[in-house]
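# Topology and contacts: notes
Chain by chain, the residues:
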Amino acid sequence: MYKVIIVEDEITVRRGIVLTIDWNALGCMVVGEASCGEEGESLILRLQPDLVVTDLKMPRMDGVEMITRLRQAGCACRFIILTAFSDFQYARSALRLGVGDYLLKPLKNGELEEAVRKLLPAPDAQTPPPPGGISIPSPTGKSQYVEAAIQYIRTHYREDISISSAAGELEISEGYLSRLFKKETSYTFTSYLIYYRLQTAMELLKDRRVRVYEAADQVGYTDTAYFSAQFKKFAGMSPSDYQNRCGSIIL
């Protein structure tokens with residue numbers, strides 16, 4: 001899978017990009033987030049993503065300066081920039097740095113997904129699952145243990161799973177898997193599980209016939225109030241508010 005980093009100073013916009021896009025369907029995984037160019041530069045150099053989605057005007061270091069410094073450091077990842085209409089001349093500076101595409105805020109349904117498809121070729125098919133084990137995707141720069149743990153989350157996210165159960169499935173120590181997962185994805189196992197569940201819940205809630213408690217139950221939450229609190233914490237709005245906003249724009 002392709003690694004993606006989101007650089008955006010507005011937390012609601014950033015969470016919206018992370019959570020409302022079906023990154024898995026695009027063959028991608030968001031491995032990190034940053035709130036300014038300075039944080040973004042450090043994160044990108046450390047995690048070496050395939051794609052960066054970034055705002056232009058941000059505090060401390062703007063998007064153009066960040067991209068310039070990364071290119072000077074030899075970073076060859078692809079960039080998609082987000083900008084307001086009034087920033088178009090500013091965006092041209094980024095385009096000269098080899099940016100793949102730019103999109104105007106607010107994003108429309110399907111717009112970012114289409115830009116990603118244009119920049120990233122379809123990923124290779126996964127290797128067949130080993131006998132008696134879970135499917136391990138073809139190598140993408142991460143260890144097979146981390147890839148397998150991610151696949152474990154995708155297969156069992158509706159269940160009461162943990163880093164302990166994943167480590168048991170992979171027959172390695174919990175501590176080793178925890179350190180490796182954090183190092184290679186920048187997320188803890190639990191944080192990634194929450195993101196995956198909430199992203200799946202968002203897809204379910206796009207159907208206005210689905211009740212909040214039904215979405216919660218389908219992604220592994222037995223307590224609807226707790227699910228709603230987690231949803232609001234990560235998405236910046238309640239599940240019902242998100243559902244009411246579906247059908248027009250992503251953010």
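Residues numbered from 1 in each chain as written. Predicted model: local features only at pLDDT ≥ 70, side-chain atom pairs only at ≥ 80, totals over all residues. Heavy atoms only, no water.

Pairs may arise between side chains of opposite charge once their charged atoms sit close together. Counted under the stated rule, the structure contains eight salt bridges. Residues Arg60 and Glu38 are paired through a salt bridge, measuring 2.5 Å at the closest nitrogen-oxygen approach. One end of the pair, Arg60, is in the loop between strand E3 (51-55) and helix H3 (63-72); the other, Glu38, is in helix H2 (residues 37-47), with 22 residues separating them in the sequence. Classification of Arg60 as exposed rests on a relative accessible area of 59%. Its relative accessible area of 38% is what places Glu38 among the partly exposed residues. Several salt bridges share partner residues, and in doing so they unite Arg14, Arg15 and Glu33 into one network. (Salt bridge = Lys/Arg side-chain N within 4 Å of Asp/Glu carboxyl O. Helix = DSSP H or I, 4+ residues; strand = E, 2+ residues; numbered from the N terminus. Buried < 20%, exposed > 50% of the residue type's maximum accessible area, 1.4 Å probe, protein only.)

Close reading of the predicted structure is inappropriate where its pLDDT is low. The share of residues in the chain with pLDDT of 70 or more is 84%, and the mean pLDDT across the chain is 82. Between residues 124-141, whose pLDDT stays under 50, and residues either more than four places distant or in other chains, the model counts 26 contacts. (pLDDT = per-residue confidence, 0-100. Contact = heavy atoms within 4.5 Å.)

Our focus in this paragraph is the packing of helix H6 (residues 144-156) against helix H8 (residues 174-185). The interhelical angle for the contact between H6 and H8, taken along N-to-C directions, is 95 degrees, at an axis separation of 9 Å. On the basis of the axis angle, H6 is roughly perpendicular to H8. Of the residues in H8, those in contact with Tyr145, Val146, Ala149, Ile150 and Ile153 of H6 are Tyr176, Leu177, Leu180, Phe181, Glu184 and Thr185. In terms of residue class, the contact of H6 with H8 is built from nine nonpolar, one polar and one charged. (Axes fitted to C-alpha atoms, helices over the stretch in contact; angles between N-to-C directions. Parallel < 35°, antiparallel > 145°, perpendicular 65-115°, else oblique. Nonpolar A, V, L, I, M, F, W, Y, C, P; charged D, E, K, R; others polar.)

Mapped onto the secondary structure, Thr68 falls in helix H3. What makes Thr68 partly exposed here is its relative accessible area of 24%. Considering only alpha carbons, one finds Thr68 and Glu41, 27 residues apart in sequence, at a separation of 10.0 Å. A polar contact of 2.8 Å, which involves the side chain of Thr68, links it to the backbone oxygen of Val64. (Polar contact = N/O pair within 3.5 Å; in protein donor to acceptor, adjacent residues only side chain to side chain.)

Relative to the helices and strands, Met202 is located in helix H9 (residues 189-205). Overall, Met202 belongs to the buried group, its relative accessible area being 1%. Remark: the alpha-carbon pair of Met202 and Pro239, spanning 37 residues in sequence, is separated by 8.0 Å.

Glancing now at the packing of H6 against helix H7 (residues 163-170). Angle between the axes and distance between the axes: these two values describe a pair of packed helices. Two numbers describe how H6 lies on H7: the axes approach to 10 Å, and their chain directions differ by 120 degrees. It follows that H6 is oblique to H7 by the angle criterion. You can see that H6 and H7 cross each other, and the crossing is right-handed. Together, Tyr145, Ala148, Ala149 and Tyr152 of H6 and Ser165, Ala166, Glu169 and Leu170 of H7 make up the contact between the two elements. (Left-handed = near helix turned anticlockwise from the far one by under 90°.)

Ranked by internal contacts, the top residues of the largest apolar core, which has 82 residues, are Trp23 and Leu112. If you tally residues by element for this core, the top one is H9, at ten residues. Residues within four places of Trp23 in sequence aside, it is in contact with Met1, Val4, Ile6, Ile17, Val18, Cys28, Val30, Val53, Leu112, Val116 and Gln199. (Core = buried A, V, L, I, M, F, W, Y, C linked by side-chain atoms within 4.5 Å.)

Attention now moves to H3. Every buried residue of H3 is listed here: Gly63, Val64, Met66, Ile67 and Leu70. Around the axis of H3, the buried residues are gathered within 160 degrees of arc, so they sit on the same side. Positive phi shows up at Gly74, right after H3, with a value of about 90 degrees. (Arc of directions from axis to C-beta.)

Here we take up the sheet that holds E3. In space, the five strands of this open sheet follow the order E2-E1-E3-E4-E5, with parallel pairing throughout. Strand pairing shows two members of the sheet lacking a second neighbour, strand E2 (28-34) and strand E5 (101-104), which therefore form its edges. Looking at each pair of strands side by side, their axes are set apart by 20 degrees on average, direction ignored. Here strand E4 (residues 78-83) runs beside E5; their pairing, made up of four bridges, is parallel. (Pairing = 2+ DSSP bridges.)

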